[in-house]
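# Structural overview
For reference, the chains in residue letters:
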Amino acid sequence: MKKHNFYAGPSILSDYTIQNTADAILNFADTGLSILEISHRSKQFQAVIDEATALVKEILDIPAGFEVLWLGGGASMQFCMIPYNFLSKKASYLDTGTWASNAIKEAKLFGDVDVVASSKEAGYTFIPKGFEVTADSDYFHYTSNNTIYGTELRKDPDVPCRLIADMSSDIFSRAIDFSKYDAIYAGAQKNLAPAGVTLVIVREDALGKVERAIPTMLDYRTHIKKGSMFNTPPVLPIFSALQTLRYYKQLGGITELERRDLEKAALLYNAIDESKMFTGTVTDPADRSIMNVCFVMTPEYKELESAFIDFCTARGIVGIKGHRSVGGFRASLYNALPIQSVKVLTDAMHDFEATH
Ligand SMILES: *Cc1c(COP(=O)(O)O)cnc(C)c1O
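Residues numbered from 1 in each chain as written. Predicted model: local features only at pLDDT ≥ 70, side-chain atom pairs only at ≥ 80, totals over all residues. Heavy atoms only, no water.

## Re the site of the ligand
Looking at the ligand, there are 13 residues lining it, with S76, T147, D166, Q189 and K190 nearest. Within the backbone of A75, an N or O atom sits 3.0 Å from an oxygen atom of the ligand. Here a nitrogen atom of the ligand sits 2.6 Å away from a polar atom, N or O, in the side chain of D166. Taking 390 Å² as the accessible area of the ligand by itself, protein coverage stands at 87%. Among the detected pockets, the ligand sits in the largest pocket. Per-element accounting of the shell around the ligand gives the leading share, 4 residues, to helix α3 (residues 74–86). (Near = heavy atom within 4 Å. Polar contact = N/O pair within 3.5 Å; in protein donor to acceptor, adjacent residues only side chain to side chain. Areas by Shrake-Rupley, 256 points an atom, 1.4 Å probe, with all protein chains shown as cover. 1 Å grid on protein atoms, 1.4 Å probe; cavity = no way out; pocket = protein on both sides within 12 Å on 5 of 7 lines; lining within 4 Å. Sits in = over half its atoms within 2 Å of the grid points. Helix = DSSP H or I, 4+ residues; strand = E, 2+ residues; numbered from the N terminus.)

## Section: the sheet that holds strand β3 (residues 90–95)
Strand order in the open sheet formed by 7 strands is β2-β10-β9-β8-β5-β3-β4, with mixed pairing between adjacent strands. Each edge of the open sheet is held by one strand with a lone partner, namely β2 (66–71) and β4 (112–118). Across the sheet, the axes of successive neighbouring strands diverge by a mean angle of 15°, strand direction being ignored. In this structure, β3 lies alongside strand β5 (residues 140–143), joined through 2 bridges in parallel fashion. Looking across to β5, one finds that Y93 is bridged to H141. Contacting β2 and β10 (198–203), helix α2 (residues 43–60) runs over the sheet at an angle of about 130° to β2. (Pairing = 2+ DSSP bridges. Axes fitted to C-alpha atoms, helices over the stretch in contact; angles between N-to-C directions. Contact = heavy atoms within 4.5 Å.)

## A few points about the layout of surface pockets
Considered as a void within the structure, the largest pocket measures approximately 300 Å³ in volume. Taken together, 20 residues form the lining of the largest pocket, with G9, W99, T147, Q189 and K190 sitting closest to its centre. The element that contributes the greatest number of residues to the lining of the largest pocket is α3, accounting for 4 residues. Of the residues that constitute the lining of the largest pocket, the class distribution is 5 nonpolar, 11 polar and 4 charged. As a volume, the second largest pocket reaches approximately 250 Å³. (Points joined across faces, edges and corners; volume = space filled by probe spheres on them. Nonpolar A, V, L, I, M, F, W, Y, C, P; charged D, E, K, R; others polar.)

In short, shape yes, function no, at least from these values alone.
See below:
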């Protein structure tokens, strides 16, 4: 049976990405070798990373002065690399969830961290508003999409200092105003590629300002100088990322991706809002994520949650169990998920409600 994959990460990839990756595992670029066993220094792989980098710049409309890097270590490694390279004295952070607070914890090792606002006490069910960021901050760090809690900040914030964002779970779902940013990073396993590579976009002029010594591997300048090949990069995830980027371009780029994402999210949120059995967990509708939709059963139906999971499993729906720290349900609607899968889910919600 066809599966409808709502996993939060690693997560669904396009058929195009999976098929081309499978082909390259058997025979990469007519080399007679697998992508798994070829040198990263081969001219065939150099062409892969060059095209992937160019497509990121094209699709996100990245201006001159920014470098695109393909690094290991996951988004979590960026929680320390960012302050290592950008925090001289003080940085401001917005605490909107587990990933944001992990980033804050690392930044505190490097200098003063001003946590401008937090929704922790409310279980991270909204994005704080009306906070103030001081102009003497080296940067303001925020998490654009809170994968676990289903909240999202879909607008580049207006603050009196430079921005740095963890966009792991919503990159390629909207246009970004790079003139406000010093860096953006995203673990690939949500909207781009299999786990193993992290996309990092840094403004070169912003580097080299901190006085501390930086270990070679943690210094962005190392990777800029060597074109992400200082050491062996994650070859297979980068190859898959290229396939996804080609697919995104063919579809029509960010405008079309965003249109599809908004349409899918509206379909599911409408089903939740119209239902008596299900309810969303995000308190301010303006904060609702279009990537990860979190919902629960209303108190009178609460004991039916596991029955609903089973009902969904029987229809080929996988990955809708909420994060262990939140419970309930979470449907991740990443770019590769077809709207048809969302319809299967909303039909299941409807049919389950009608029969219980
Ligand atoms: C998944 C996720 C992370 C962690 O990514 P790793 O690559 O596992 O380190 C960080 N931030 C956000 C927003 C995420 O969704």
